[in-house]
Amino acid sequence: MNMRAPFLAFEPVDALAALCKASGDSLRLNILRALANDSFGVLELAQIFATGQSGISHHLKVLAQAGLVATRREGNAIFYRRALAQGEQLGSRLHSALLDEVDQLQLPVEIQQRIAAVHRQRAAASQAFFTRSAASFQAQQDLIAGLPQYRDSVLALLDSLDFAADACAVEVGPGDGGFLPELARRFQRVLALDNSAAMLELARLRCAEECLDNVALQLADALHDDYPAADCLVLNMVLHHFAAPAEALKQLAQHLKPGGSLLITELCSHNQSWAREACGDLWLGFEQDDLARWASAAELNTCESLYVGLRNGFQIQVRHFAKPSTPQGPRAATIDHSQEPER
Ligand SMILES: C[S@@+](CC[C@H](N)C(=O)[O-])C[C@H]1O[C@@H](n2cnc3c(N)ncnc32)[C@H](O)[C@@H]1O
């Protein structure tokens, strides 16, 4: 008798079953919790959950098959992040509800401590890069995007905002201080804050050269140290050096006065992995929606955006996020798509 192989079709019910299977395991639920606002490589997750690499890989495969996690290549490493529910697809309501429930979970203290250790390792690698390479800073910046390529866009955005005559600005990671003269002209007081003594020395030389007597310099970590709240907080090409950018936005928001503005100039997401080695970048740019989502989670409103396309294929986003004058409840992020980059 001629037996034909059964026809195995992937039915919608299989997708639902995969979702249920993926969520039926406490380690996998904790992985989803850890990925709430962060992304990690397999080795980092193995360290965080004190589980062998092959075990973690298996769990990530199950989560990926259920559409609960997605990957992104950052240099030679693959990073896992949460995947968001897809519109009307079967299971999307369950998917959203699952993530909502998972967000109510408190990760065990030892896991939180290991996540903090992973963040410290990333931050140490970034800081070591700037200690090593302060002398060749300008050449490194020019490999991708130097200040001359985005200065006018940031200034156009800055000058469209209204600040009081006695407003103060904080620039985080001023590098060699190239943007400080512009801030010094526009604000009564400016604080330049960098966690690299070598980089801060470059900024100090610039301030001395240009007699910027309303600029103070502080050797400090913008995310963990204390400094005065600002009317305007500026980060040019700094966020991609932060260990946990989503968490960083929450911390930066604490250093903004009510009604204050956060201006972020960043690379759009790219796949030129050499930037990790050559420029010490921890992240290969950011999706514009991610920045808006993280800002919303930090209780900041997403306002104007400008996009600058560079000849070398990189694209820069200049973003304005505003802290409400009075505290608000959770809101949806809104994005100005009027000047979106061509993709
Ligand atoms: C790529 S440079 C950007 C320099 C300058 N803003 C520019 O656009 O040319 C990044 C700067 O951020 C600083 N930085 C990185 N992480 C920091 C942190 N957690 N706190 C303060 N400064 C930080 C680095 O030391 C470095 O000076």
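Per an unreviewed UniProt entry, the protein is named Transcriptional regulator, ArsR family, and its organism is Pseudomonas guineae.

Looking now at the nonpolar core. Counting 62 residues, the largest nonpolar core has Ala 169, Leu 180, Val 190 and Leu 233 as its most contacted members. Discounting chain neighbours no more than four positions away, the residues touching Val 190 are Cys 168, Ala 169, Glu 171, Leu 180, Leu 183, Ala 184, Asn 214 and Val 215. The next biggest cluster of nonpolar side chains, apart from the first, holds 22 residues, and it includes Leu 32, Leu 35, Phe 40 and Val 69.

Quick look at the site of the ligand now. Surveying the vicinity of the ligand reveals 21 residues, the closest of which are Gly 173, Gly 175, Ser 196, Met 199 and Asn 236. At the level of secondary structure, the elements contributing two or more residues to the shell around the ligand comprise α6 (109–133) and β5 (189–194). In the shell around the ligand, the residues fall into ten nonpolar, nine polar and two charged.

What follows deals with helix α13 (residues 288–297). For α13, the complete set of buried residues consists of Gln 288, Leu 291, Ala 292, Trp 294 and Ala 295. Taken around the axis of α13, the buried residues stretch over an arc of 165°, which confines them to a single face. For α13, the secondary structure elements touched by its buried residues are α11 (245–254), β8 (256–267), β9 (301–309) and β10 (315–322). After α13 finishes, the residue Glu 299 shows a positive phi value of roughly 60°.

This part covers the domain arrangement of the protein. Each assigned domain of the protein is listed with its residue range as follows: domain 1 (12–107) and domain 2 (136–322). Averaged C-alpha coordinates put domain 1 and domain 2 at centres separated by 32 Å. The class makeup of the residues in the side of domain 1 that touches domain 2 is no nonpolar, three polar and three charged.

The N-to-C vectors of helix α2 (residues 26–34) and helix α4 (residues 53–65) enclose an angle of 75°; their axes lie 10 Å apart at closest approach. One way to sum up the angle between α2 and α4 is to call them roughly perpendicular. For the pair α2 and α4, the contacting residues are Leu 27, Arg 28 and Ile 31 in the first and His 59, Val 62 and Leu 63 in the second. Residue composition of the contact of α2 with α4, grouped by class: four nonpolar, one polar and one charged.

Read across the open sheet, the three strands follow the order β1-β3-β2; overall the sheet is antiparallel. Of all strands in the sheet, those bounded by a partner on one side alone are β1 (40–41) and β2 (69–74).

Glancing now at unusual backbone geometry. In this model, Met 237 sits at a positive phi of 55°, which is unusual for a non-glycine residue. Its place among the elements puts Met 237 in the loop between β7 (230–236) and α11. We note that Glu 299 has phi near 60°; this positive angle belongs to a residue other than glycine. Relative to the elements of secondary structure, Glu 299 occurs in the loop between α13 and β9. C-beta crowding within 10 Å serves as the criterion here: with 18 such atoms nearby, Glu 299 is assigned to the partly exposed category.

Per-residue pLDDT for the protein averages 89, and the proportion of residues at 70 or more is 92%. Note on residues 330–343: pLDDT under 50 across the span, and 23 contacts to partners over four residues away in sequence or across chains.

Looking now at the sheet that holds β10. Here seven strands make up an open sheet; going across it, the order is β6-β5-β4-β7-β8-β10-β9 and the pairing mixed. One side of each edge strand has no neighbouring strand; the edge strands of this open sheet are β6 (215–219) and β9. Shown here is a sheet whose adjacent strand axes are inclined to one another by a mean of 15°, direction ignored. Running over the sheet, α13 touches β8, β9 and β10 and is turned about 155° from β9.

Okay, the pairing of β8 next. Walk down a regular strand and you will see the side chains alternate between the two sheet faces. Most of β8 is tucked away: nine of the twelve residues are buried. When β7 meets β8, the two strands line up parallel, connected through six bridges. Paired with Leu 233 across the strands is Leu 262, a residue of β8. On the question of chirality, the crossover connecting β7 to the parallel β8 by way of α11 is right-handed.

Structurally, Arg 276 can be placed in helix α12 (residues 274–279). Not counting residues up to four positions away in its chain, the partners in contact with Arg 276 are Gly 75 and Asp 281.

Conventions adopted
Residues numbered from 1 in each chain as written. Predicted model: local features only at pLDDT ≥ 70, side-chain atom pairs only at ≥ 80, totals over all residues. Core = buried A, V, L, I, M, F, W, Y, C linked by C-beta atoms within 7 Å. Buried ≥ 20, exposed ≤ 12 C-beta atoms within 10 Å, placed from the backbone. Contact = placed C-beta atoms within 7 Å. Near = placed C-beta within 6 Å. Helix = DSSP H or I, 4+ residues; strand = E, 2+ residues; numbered from the N terminus. Nonpolar A, V, L, I, M, F, W, Y, C, P; charged D, E, K, R; others polar. Arc of directions from axis to C-beta. Domains from an automatic or database assignment. Axes fitted to C-alpha atoms, helices over the stretch in contact; angles between N-to-C directions. Parallel < 35°, antiparallel > 145°, perpendicular 65-115°, else oblique. Pairing = 2+ DSSP bridges. pLDDT = per-residue confidence, 0-100. Right-handed = clockwise from strand over helix to strand, strands pointing away.

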